[in-house]
Amino acid sequence: MWKVGYFQFRPLFGKVERNVERVVHALREVEADLLVLPELAFTGYYFQNRQEALALAEDPDDSPTVQILTALCKGGNFHLVTGFAERRGDQCYNSALLIGPEGVIHIYRKLHLFHEEKHWFDPGDLPPAVTRINGVGIGMMVCFDWIFPETMRTLTLLGADIVCHPSNLVLSYCQQTMISRCLENGVFAITANRIGTDTRAHGRIRFTGKSQIVAPKGVLLHRGPSRKEELYITTIDPREARDKQITSLNHLLRDRRPEFYGPLMAKNP
Ligand code: ACM
């Protein structure tokens, strides 16, 4: 059995150190195996331009934030998936990091950038991947990736048992849709959304909270509040995600007919 959960909170735009402190304070005494934080958990979301995103982003290989989070994982003996503004030279990615007691284990770079993110970030340039932690398949995707079912299907085909989904949601459709994503793929999903607003000179964005955990049969195990912080942890059996049988004669993956799905592989129309 695994103890999994999320920390839904209100990052303050541009206050990286304060946001890191907030997370450390909240997670310092938890007992868990896997925790998920929101997208861009330390920088905030509503950048003015690419220069501002680059200035706040960090290179994970040389990042005070990563060092502190690694120590946090070591202290609590858990793994953490967090949204992270990733700088690599002149490149800037909206990433998710899988961090454990020994440091960064895997980096996912958001493939499907939402709206003005296209002005701030480079699109992800790495294929989705699944990392095994104590035999459990951990996949990552970031926020708007949810609207492209290919993302979660790919993670499922790669062996994900739990899809970790750091988010800064602004539209209202994701939470409901993730119930279907879990049912159609037979996996767990942990959507960690933020709350509050980013109020900047160029505008204001409100985020919708309601972080949630969904089980493989499309069962909503928990959904959080829309405006309050919440640290939520529950116990799951990741092996439930190995049962892809729908009826005695139907299997979620083996019944697919990829020979007829050619258009899915074609370049954009
Ligand atoms: C989003 O992808 N942050 C909506």
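Anything mentioned here points back to the structure above.
First, a word on what this report is: a plain description of the structure on this page. On a predicted model such as this, the values are computed, not experimentally measured, just so you know.

**Points about the packing of helix α5 (residues 149-157) against helix α6 (residues 174-185)**
Now for step 1: Relative to each other, α5 and α6 sit at 35°, their axes nearing to 10 Å. In the crossing of α5 with α6, the sense of the turn from one axis to the other is right-handed. Of α6, the residues touching α5 (which contributes P149, M152, R153 and T156) are M178, R181, C182, E184 and N185.
Now for step 2: Split by residue class, the contact of α5 with α6 holds four nonpolar, two polar and three charged.

**Some details on the sheet that holds strand β5 (residues 103-109)**
Now for step 1: Read from one edge to the other, the open sheet built from six strands follows the order β5-β4-β3-β2-β1-β14, with strand pairing classed as mixed. On the outer flanks of this sheet lie β5 and β14 (230-236), each paired with one strand and no other. Between one strand axis and the next, the sheet turns by 30° as a mean value, whatever way the strands run.
Now for step 2: Relative to strand β4 (residues 91-100), strand β3 (residues 79-88) runs antiparallel, the two being bridged by nine bridges. Among the inter-strand pairings, A85 is bridged to a residue of β4, identified as N94.

**A short note on the nonpolar core**
Now for step 1: Grouped together as the largest cluster of nonpolar side chains are 79 residues, with contacts concentrated most on W2, V23, L27, L34, F42, I138 and I162.
Now for step 2: When neighbours within four sequence positions are excluded, V23 is seen to be in contact with F7, F9, L37, F42, L69 and L72.

**Observations concerning unusual backbone geometry**
Now for step 1: One non-glycine residue, H115, lies in the positive phi region at around 50°.
Now for step 2: Note on placement: H115 falls in the loop between β5 and α4 (117-120).
Now for step 3: For H115, a relative accessible area of 58% puts it in the exposed group.
Now for step 4: Of note in this structure, K210 is not a glycine but carries a positive phi near 55°.
Now for step 5: Within the secondary structure, K210 sits in the loop between β11 (203-206) and β12 (212-215).
Now for step 6: Of the residues examined, K210 reaches a relative accessible area of 38% and is grouped as partly exposed.

**A look at the side chain of T234**
Now for step 1: Relative to the assigned elements, T234 resides in strand β14.
Now for step 2: Accessibility expressed as a relative area gives 17% for T234, which makes it buried.
Now for step 3: Contact partners of T234, with chain neighbours within four places excluded, come to W2, K3, V4 and I213.

**So, the packing of aromatic side chains**
Now for step 1: Evaluation of the coordinates by the stated rule reveals eleven aromatic pairs.
Now for step 2: With centroids separated by 5.0 Å and ring planes inclined at 0°, the aromatic side chains of F7 and F9 adopt a geometry described as stacked. For the pair F7 and F9, one class covers both residues: buried.
Now for step 3: Ring centres of F47 and F121 lie 5.8 Å apart, and the angle between their planes is 85°; this geometry places the pair in the edge-to-face category. Highlighted residues: F47 in the loop between β2 (34-36) and α2 (50-56) and F121 in the loop between α4 and β6 (130-133), separated in sequence by 74 residues. Across the pair, exposure class does not vary: F47 and F121 are buried alike.

**Comments concerning the pairing of β5**
Now for step 1: Bridge count between β4 and β5: six bridges; the pairing is antiparallel. Each residue of the ladder has a partner; that of S95, found in β5, is R109.
Now for step 2: If you look at the hairpin formed by β4 and β5, you'll find two residues sitting between the two strands.

**A few points about α5**
Now for step 1: Buried within α5 we find T151, M152, L155 and T156. For α5, the arc enclosing every buried residue in end-on projection is 130°, short of the 170-degree limit, so these residues lie on one face.
Now for step 2: In this structure, the buried side of α5 is in contact with β5, β6, β7 (136-140), β8 (162-166), α6 and β9 (188-192).
Now for step 3: Of the residues one or two after α5, G159 is the one with positive phi, at around 105°.

**As for helix α1 (residues 16-27)**
Now for step 1: Taking 1.5 Å per residue, twelve residues should reach 16 Å; α1 reaches 17 Å between its end C-alpha atoms and fits that length.
Now for step 2: Listed as buried for α1 are V16, N19, V20, V23, A26 and L27. When α1 is viewed along its axis, its buried side chains cluster within an angular range of 130° and face the same direction. Opposite its buried face, α1 presents the exposed residues E17 and E21, each directed more than 90 degrees away.
Now for step 3: Of the surrounding elements, those touching the buried residues of α1 are β1 (2-8), β2, α2, α3 (64-76), β3 and β14.

Here is what the cut-offs are and how they apply
Residues numbered from 1 in each chain as written. Predicted model: local features only at pLDDT ≥ 70, side-chain atom pairs only at ≥ 80, totals over all residues. Heavy atoms only, no water. Axes fitted to C-alpha atoms, helices over the stretch in contact; angles between N-to-C directions. Helix = DSSP H or I, 4+ residues; strand = E, 2+ residues; numbered from the N terminus. Left-handed = near helix turned anticlockwise from the far one by under 90°. Contact = heavy atoms within 4.5 Å. Nonpolar A, V, L, I, M, F, W, Y, C, P; charged D, E, K, R; others polar. Pairing = 2+ DSSP bridges. Core = buried A, V, L, I, M, F, W, Y, C linked by side-chain atoms within 4.5 Å. Buried < 20%, exposed > 50% of the residue type's maximum accessible area, 1.4 Å probe, protein only. Phe/Tyr/Trp six-rings, centres within 6.5 Å; stacked < 30°, edge-to-face > 60°. Arc of directions from axis to C-beta. Expected span 1.5 Å × (residues − 1).

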